[in-house]
Structures are given as structure tokens and as C-alpha cells.
Amino acid sequence: TPLFTLLIGIFYLNEKVTATAFVGIALVIFGVYAIHLKSFRLKNFLKPMLKSKGSIFALLTAIISAIYGLIYKISTTAINPFIFVYMSYFFLLIFYTPFLFLKSKSIISQIKKYRKDLIKIGMLDMLGAYLLIAALALSQLSYVFALRQVGILFSVMGGIHFFKEKYGKPSRRK
């Protein structure tokens, strides 16, 4: 995503990126690529990423994320941020609800069972969306989305520390 938002920022939004920021974004891109590697050897580093379906989907996700980043950036000047976030979540609710009911027969019982947790998660997610809009209003698209990628590091560290998740090379199942 940082690569595509950098390109969109420069060519579509006419953002100016300093040399220091460019190096920082390049390091984030390198880090995201390095996470994908099976080992940190030169022969693995030079293997094309696009040989697996997972990598192709990750690339498509990055492109889509850059596009929604552009939409969010443009919205910071065109629409009240609260209305934009509210309408985004309303659209997602309307769009995804039928799929939930088609995929799961027990969705109502799951919602009832985890209602408090779902409300907390929803509120935190909306807060995150508001903060993203605020950051985009104050800074450049390429800077904000590169910094968002660093959040992956904090998520991984939090999972390891708080939830005792395993890390490192996955063990092979027997």
C-alpha cells in the first residue's frame, strides 16, 4: 500500500515528498516485503512474490487500499468527516448484512452472545476511521498510509505479548 499511495500522492494529488520521507516510505515497503520472505537470504529475496495466490491477493488488497486512501483523502475536503465515516459504515452495514445471513445460520445468536464485544469493537473501529480522516486532513496521503503499515508491527507485538501468540518460522504439521 505505501508504494501505491506514494504514487497516487505524487501523481494525482501533487504531493511533494521530501527525500527523508521517501527513504522512510521505502524502508516501510522493504519491511512489508521482508515479512513475506521464508528466510532472509538473497536467493529468497529475489524470488518473485507473485508466484502464490496469497501474494496476488495481497497486491490486489494494496491497490484497493490505495484507492480507498485516495477517496478518504479527497473526502477530507469535500465532506464533513463525521458524516463521511457514518455513511461509510452505514453502506457497509447495508452491503454486508445479507452476506452474513447467507453464510451463517447462527448469526443472530452470535450477535446476541457477543453484543457487548461487538459494540466495543465497532466503536473503536469508528474512532480509528475518524483518526484516519483527521490525519489525512493534516498530512499527506503517502505519509499517513506508510505510517499505518507500522501499525502491523504493533499488532504483532501485541499479539505476542498479550495473547501469547507464536511467532517465528511456523512448525510443520506431522
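Bear in mind the structure is a predicted one, so any value in this text is a computation, not a measurement. Residue numbers run consecutively from 1 along every chain, following the written order of its sequence. A pLDDT threshold of at least 70 governs which residues receive local features in this predicted model, and a stricter bar of 80 or more applies before side-chain atom pairs are shown or counted, although totals over entire chains, interfaces and linings include all residues. Side-chain figures throughout are based on the complete set of non-hydrogen atoms in the structure, without hydrogens or water.

Undergrad: Can you tell me about the packing of aromatic side chains, naming the residues and giving the values?
TA: In this description, a pair of aromatic rings is defined by centroid distance and the angle of the planes. In summary, the pairing rule links any two rings of Phe, Tyr or Trp, Trp by its six-membered ring, whose centres are within 6.5 Å, and it sorts them by plane angle into stacked for under 30 degrees, edge-to-face for over 60 and tilted for everything else. Overall, the coordinates contain 8 aromatic pairs when judged by the stated rule. Where phenylalanine 82 meets tyrosine 130, the ring centres are 4.8 Å apart and the plane angle is 50°; that geometry is what we call tilted. One end of the pair, phenylalanine 82, is in helix H5 (residues 81-103); the other, tyrosine 130, is in helix H7 (residues 115-138), with 48 residues separating them in the sequence. Since its relative accessible area comes to 23%, tyrosine 130 is described here as partly exposed. Feature note: the residues Tyr68, Tyr72, Phe84 and Phe145 constitute an aromatic cluster, connected by ring pairs. The criterion is that NZ of a Lys, or CZ of an Arg, lies within 6 Å of the ring centre and within 35 degrees of the ring normal, and then a charge sits over that ring. Here arginine 148 stacks its cationic end above the ring of phenylalanine 145, 4.8 Å away from the centre of that ring. Here a helix means four or more residues in a row that DSSP labels H or I, a strand means two or more in a row labelled E, and each is numbered from the N terminus. The buried label applies to any residue whose accessible area, calculated with a 1.4 Å probe on protein chains only, is under 20% of its type's maximum; exposed applies above 50%, and partly exposed to all values in between.

Undergrad: Would you mind going over the packing of helix H1 (residues 2-11) against helix H4 (residues 53-78) in detail, with residue names and values included?
TA: When two helices pack together, their arrangement is given by the angle between their axes and by how far apart the axes lie. Packing of H1 against H4 leaves a shortest axis separation of 8 Å and a crossing angle of 35°. Remark: the crossing between H1 and H4 carries right-handed chirality. Contacts from Phe4, Thr5 and Ile8 of H1 reach H4 at Leu59, Ala62, Ile63, Ala66, Ile67 and Leu70. For the contact of H1 with H4, the residue count by class is 8 nonpolar, 1 polar and no charged. Lines fitted to the C-alpha atoms define the axes, with helices restricted to the stretch that makes contact. Angles between their N-to-C directions range from 0 to 180 degrees. Handedness of a helix crossing follows the sense of rotation of the near helix relative to the far helix, less than a right angle counterclockwise being left-handed and clockwise being right-handed. Should any heavy atoms of two residues lie within 4.5 Å, those residues are considered in contact. Classification convention: Asp, Glu, Lys, Arg as charged; Ala, Val, Leu, Ile, Met, Phe, Trp, Tyr, Cys, Pro as nonpolar; all other residues, Gly among them, as polar.

Undergrad: So, the side chain of lysine 73: which residues are in play, and what are the values?
TA: Checked against the element boundaries, lysine 73 lands in helix H4. Only four residue types enter the charge count, namely Lys and Arg as positive and Asp and Glu as negative; His and the chain termini do not. By definition, a salt bridge exists where a carboxyl oxygen of Asp or Glu is found within 4 Å of a side-chain nitrogen of Lys or Arg. Glutamate 15 provides the closest opposite charge to the buried, unpaired lysine 73, separated from it by 4.6 Å. There is a polar contact of 2.6 Å between the side chain of lysine 73 and the backbone oxygen of leucine 136. Other than its neighbours up to four places away in sequence, lysine 73 contacts Leu13, Glu15, Leu136, Ser139, Gln140 and Leu141. Polar contact criterion, stated in full: a pair of N or O atoms within 3.5 Å, where within protein one must be able to donate a hydrogen and the other to accept it, and residues adjacent in sequence count only if both atoms are side-chain atoms.

Undergrad: Which residues make up the nonpolar core, and what values do they have?
TA: Grouped burial of nonpolar side chains is what soluble globular proteins tend to show. Side-chain atoms within 4.5 Å are what join buried Ala, Val, Leu, Ile, Met, Phe, Trp, Tyr and Cys residues into a set we call a nonpolar core. Of all hydrophobic cores here, the largest spans 13 residues; its most connected members are Tyr72, Leu132, Leu136 and Phe145. Elements supplying a minimum of two residues to this core: H4, H5, H7 and helix H8 (141-163). With 4 residues, H7 is the single largest residue contributor to this core. Contacts of tyrosine 72, omitting those with residues within four sequence positions, involve Phe84, Ser88, Leu132, Ile133 and Leu136.

Undergrad: Tell me what's going on with unusual backbone geometry, and back it up with residues and numbers.
TA: With a phi angle near 55°, asparagine 14 is a residue other than glycine that sits in the positive phi range. Secondary-structure assignment places asparagine 14 in the loop between H1 and helix H2 (19-36). Positive phi values are uncommon outside glycine, yet lysine 164 reaches one of about 55°. The topology assignment puts lysine 164 in the segment after H8. By relative accessible area, which is 61% here, lysine 164 ends up exposed.

Undergrad: Which residues make up the packing of H4 against H8, and what values do they have?
TA: Put simply, H4 and H8 touch, their axes get as near as 11 Å, and they point 130° apart. Taken as axis vectors, H4 and H8 run oblique relative to one another. Crossing of H4 against H8: the hand is right-handed. Packed against H4, whose contacting residues are Ser65, Tyr68, Gly69, Leu70 and Lys73, the element H8 presents Leu141, Phe145 and Arg148 at the interface. Split by residue class, the contact of H4 with H8 holds 4 nonpolar, 2 polar and 2 charged. Oblique is the label for any angle not covered by the other classes, which are roughly parallel (under 35 degrees), roughly antiparallel (over 145) and roughly perpendicular (65 to 115).

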